[in-house]
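Here's the letter readout for the chains.
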Amino acid sequence: MELKELLLSLPALMSVSGYERYSTEKLNTLIGDVFDEAYTDAIGNHVFIKRCGKEKAPKILVDCHFDEIGMIVSGISEDGFLSVAGVGGVDTRLLGASEVVIYGKEEISGVFAATPPHLIGDGEGDKLKSLKELVIDTGYTGKELEDICNIGTPVGYKPRYTELLGGRIAGKGFDDKACGACAVYGIQTADKNSLAGDVYFVFSTREEIGGVGAQTATYGIDPDYALVMDVTYAYTPEMNRGKHIYLGSGAAVCMSAVTDRRLTKKVISLCEQKGIKYSIEAEPNNTGTNANKMSKVGDGVPTVLASLPLKNMHTANEMLALEDCETLSLLVREFICSKEIAEVFAR
Amino acid sequence: MNKYSGIELLEQLSLLVGPSGCEDKVADFILSQIDGVCDEYRTDRAANLIAKIKGKGASYDETSPRKIMISAHMDEVGVMVTDITDEGYLKFATVGGIDSRVLCGKSVLLLNEDKLCRGVIASKPIHLQSKSEREKTTPISDMYIDIGASSREEAEKNIRIGDEGVFDSDFVCFGKDKKKIKGKALDDRLGCAVMIDLMREIKRDMEDIPYDIYFAFTTCEEIGISGAAVAATGISPDLAIVLETTAVADIAGVGEASRVATQGEGGAVSYIDRSTVYDRELCDKVLDFARERGIKAQVKRYLSGGNDASHIQRSRDGVKTLALSAPSRYIHSPSNVVHRDDMEAIKKLIYALIAEAKL
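Residues numbered from 1 in each chain as written. Chains lettered and ligands numbered in written order. Predicted model: local features only at pLDDT ≥ 70, side-chain atom pairs only at ≥ 80, totals over all residues. Heavy atoms only, no water.

Asks: I'd like to hear about the pattern of salt bridges, residue by residue, with values.
Replies: Evaluation of the coordinates by the stated rule reveals 46 salt bridges over all chains. A salt bridge links Arg333 of chain A to Glu334 of chain A; the nearest nitrogen and oxygen atoms lie 3.2 Å apart. You can call Arg333 of chain A partly exposed: its relative accessible area is 28%. Relative accessible area serves as the criterion here: at 13%, Glu334 of chain A is assigned to the buried category. Asp99 of chain B is paired through a salt bridge with Arg101 of chain B; the nearest N and O atoms lie 2.7 Å apart. Overall, Arg101 of chain B belongs to the buried group, its relative accessible area being 18%. Here the residues in one salt-bridge network are Glu99, Lys158 and Arg160 of chain A together with Arg118, Asp168, Asp170 and Lys182 of chain B, joined through shared partners. (Salt bridge = Lys/Arg side-chain N within 4 Å of Asp/Glu carboxyl O. Buried < 20%, exposed > 50% of the residue type's maximum accessible area, 1.4 Å probe, protein only.)

Asks: So what's going on with the side chain of Thr259 of chain A? Residues and values would help.
Replies: All names here are of chain A. With respect to the secondary-structure elements, Thr259 resides in the loop between strand S14 (251-255) and helix H6 (261-274). Owing to a relative accessible area of 7%, Thr259 belongs among the buried residues under this scheme. Engagement of the side chain of Thr259 in a polar contact is seen with the backbone oxygen of Ser256, the distance being 3.3 Å. (Helix = DSSP H or I, 4+ residues; strand = E, 2+ residues; numbered from the N terminus. Polar contact = N/O pair within 3.5 Å; in protein donor to acceptor, adjacent residues only side chain to side chain.)

Asks: Kindly report on the layout of surface pockets, identifying the contributing residues and their values.
Replies: When its volume is computed, the largest pocket comes out at roughly 700 Å³. Ala114, Thr115, Lys129 and Leu134 of chain A together with Arg101 of chain B are, among the 32 residues lining the largest pocket, the residues nearest its centre. Class assignment for the residues of the lining of the largest pocket results in 18 nonpolar, 7 polar and 7 charged. Roughly 510 Å³ of volume is contained in the second largest pocket. Every element with two or more residues in the lining of the second largest pocket is listed here: strand S13 (239-247) and helix H8 (309-313) of chain B. Take the lining of the second largest pocket: its biggest share by element is 4 residues, from S13 of chain B. Counted by class, the lining of the second largest pocket contains 3 nonpolar, 16 polar and 7 charged residues. (1 Å grid on protein atoms, 1.4 Å probe; cavity = no way out; pocket = protein on both sides within 12 Å on 5 of 7 lines; lining within 4 Å. Points joined across faces, edges and corners; volume = space filled by probe spheres on them. Nonpolar A, V, L, I, M, F, W, Y, C, P; charged D, E, K, R; others polar.)

Asks: So what's going on with a nonpolar patch on the surface? Residues and values would help.
Replies: All names here are of chain B. Side chains of Ile272, Val277 and Leu303 sit close together on the surface and give an oily, nonpolar patch of about 250 Å² of accessible area. Position of Ile272 relative to the elements: it lies in the loop between strand S14 (267-269) and helix H7 (280-293). Classification of Ile272 as partly exposed rests on a relative accessible area of 38%. (Patch = residues over 30% accessible without salt bridge, like charges linked within 9 Å, V, L, I, M, F, W, Y side chains within 5 Å. Areas by Shrake-Rupley, 256 points an atom, 1.4 Å probe, with all protein chains shown as cover.)

Asks: Tell me about the sheet that holds strand S11 (residues 180-183) of chain B, and please be specific about residues and values.
Replies: Residue and element names in this part refer to chain B. Ordered in space as S10-S11-S17, the 3 strands form an open sheet in which the pairing is antiparallel. Of all the strands in the sheet, the pair left with one neighbour each is strand S10 (172-174) and strand S17 (336-339). Across the sheet, the mean angle separating the axes of adjacent strands is 25 degrees when strand polarity is ignored. Sheet topology places S10 next to S11; 3 bridges connect them, and they run antiparallel. The residue bridging Phe174 from the neighbouring strand is Lys180, located in S11. Most of the contacts of helix H9 (residues 340-355) go to S17, to which it runs at about 60 degrees, and overall it touches S10, S11 and S17. (Pairing = 2+ DSSP bridges. Axes fitted to C-alpha atoms, helices over the stretch in contact; angles between N-to-C directions. Contact = heavy atoms within 4.5 Å.)

Asks: Could you give an account of the environment of Lys26 of chain A, with specific residues and numbers?
Replies: With respect to the helices and strands, Lys26 of chain A occurs in helix H2 (residues 24-31). In this structure Lys26 of chain A touches Leu13 and Glu107 of chain A, once residues within four positions along its chain are discounted.

Asks: Describe in detail the interface of chain B and chain A, supporting the description with residues and values.
Replies: Listed per partner, the contact involves 60 residues of chain B and 50 residues of chain A. Across the chain B to chain A interface the summed buried area is about 4600 Å²; carbon plus sulfur atoms make up 55%. Interface area lost by chain B to chain A is led by Arg101, Phe174 and Tyr330 of chain B, which between them contribute 13%. Seen at the junction of chain B and chain A, the total is 8 salt bridges. A salt bridge links Asp146 of chain B to Lys311 of chain A, with the nearest nitrogen and oxygen atoms 2.8 Å apart. (Buried area = accessible area lost by both parts, 1.4 Å probe.)

Asks: How would you summarise the sheet that holds strand S16 (residues 303-310) of chain A if you had to cite specific residues and measurements?
Replies: Residue and element names in this part refer to chain A. Sheet architecture is open: 8 strands sit in the order S1-S2-S12-S3-S13-S16-S14-S15, paired in mixed fashion. Unpaired on one side and paired on the other, strand S1 (37-40) and strand S15 (278-282) mark the two borders of the sheet. Averaged over neighbouring strand pairs, the angle between their axes works out to 25 degrees when direction is ignored. In terms of strand pairing, strand S2 (residues 46-50) meets strand S12 (residues 198-204) through 5 bridges, oriented antiparallel. Paired with Phe48 across the two strands is Phe201, which belongs to S12. Contacts from helix H8 (residues 322-337) reach strand S3 (59-65), S12, strand S13 (225-233), S14 and S16, with the element oriented near 165 degrees to S16.

Asks: Let's hear about the confidence of the model for chain B: which residues, and what values?
Replies: A residue-level look at chain B finds 100% of positions with pLDDT of 70 or above and a mean pLDDT of 95. As scored by the predictor, the complex reaches a pTM of 0.94 and an ipTM of 0.92. (pLDDT = per-residue confidence, 0-100.)

Asks: Quick rundown of empty space enclosed by the protein? Include the residues and the values.
Replies: Inspection of the entire model under this criterion finds 5 cavities of 30 Å³ or more. For the largest cavity, the calculated volume is near 300 Å³. Lining the largest cavity are 19 residues, and of these Glu99, Ala316 and Asn317 of chain A together with Lys106 and Ser107 of chain B sit closest to its centre. For the lining of the largest cavity, the per-class residue count stands at 6 nonpolar, 8 polar and 5 charged. Its volume calculated, the second largest cavity comes out at about 110 Å³. Looking at side-chain class alone, the lining of the second largest cavity contains 8 nonpolar, 5 polar and 3 charged residues.

Have a look at this one:
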């Protein structure tokens, strides 16, 4: 599958944290062909393996998290409106009149109710309702909904993708399935014979609620070294930090006390050698990604973090640049084929 | 151009880009649909499209025909680009009233001459907001449209200050038996759709047409500087009916007294709203008639909103005016929600009123 096709299909899958198994079958259909083996582990991580064909080959782990923020049904009213609780960081400012899908026994459409202006009282004009106070209109009665969904049914933003100027794409679920698309494409384009080891691609679970998935997957695989890929904040006008990470700035390679400095430097020189566009992101203590936990699993895993610049994170209109995805795919391919890195980090 | 009717017609109308002042695409489409079903049509100097079906038959007074005006507005709420920043973002203002709560994060479709340009409304991301910012709405002045441009220069190749846009939103039928319809601009393309289907049915089925009927598709309702005033002055009707959508709140957590009207219970007749006191006798007559004929209709139960009726009522030496509205949830947002049965009930009621010469 072409990269763009992967970018429009993987993020569209429903994968609200804790419900990643909902899409296992669809995921396998979409990307199974790229790999030699696949399994889903006890926690719900989707693990895909591409073998290099050599015995006692080093294990290279590439991690992207499969889960996404979303909601779960917390109440059903008699007249068919759903209350929801947030899973991960949901920005309630964006929800008025926005569209969702309710993933019950069947998938049904819903719309977040918005207070009409005539019911906004004096002085309440700028008050924001909390998620607890918001409701979803389903077009069914509460009784009819009993056969469709129940408390705990996941709810996600409606998948809808818009192509903008300059190869920018907006839609839901790019955090972090867009990185997954880059990884799959990078692995797909790597020739089996040039792999530096067996590649374990982990589409991990529950990153948005603490990173349990990546931790246990890493323990189970026991890799020689790992590449973690997540999204990072691309520059927008309100940001008071540097402007060097923006849509189009390529892979953001993270310098952090959490990640392995030697491996990170190797990756940076790999970028230099191969002409892969990158910038350096400085996150001294906490990367806010799976790298935090993975690097300290078992007897320790040398880990490098490379991120995709993203605007509007955690919204239904996250925005990425196609050129950055191409860059990240290239980085994945060169990383898993790098004999130089394997020589240093293979056990 | 294909001919559409019913829900398919509403879908086509909903997807057209027609914010106030830029209604021409809507007018062109309507013209393609009513071609052959009206006796004459014209576009007046306020860009209203007015189509006439001439009366005929035994109940029609040839020498001094009674003139009925039926109107719906073509325009929808939207945005206008007010500035382009050095970094290629667009600052904007709303065209018509839009609550800031339904703008944040939404997709928009901007119209640059005849080219469409897509964008996303963005604002300060959640991780940079202070606690107090998270509890308040974001003012529109702090939002901007991101069209993917990286510089002012790139943006200016695709958009100009003054260009208008609308919500970019799919047309979806959902809920039990897909009776609910979600889309943008159902306020008031629903009225336009009902009028187009009405014209066809009158032309096809009505042997006696007791009046000269003027169907006015009007402009600029959403900004209150109503094109309907000009249309009414030009037509000089004996009676006018405004087909509208009205904001309702028949939703969870809202008390009975504030719900305005109930979806699925037919068109809502307004006795009074924020801009018009309607003709009580006419309201009563229409509600009684609906009850007798078993056609669903209801009274609008909350004093709110306003529409073209105020301008039509005050045109020339005054016009008896009725407003019949489809109850719509979340109007002036990308997700107006209406009920299929209400659309049908409104059409049926107007048809019967004309067929039985009750106006």
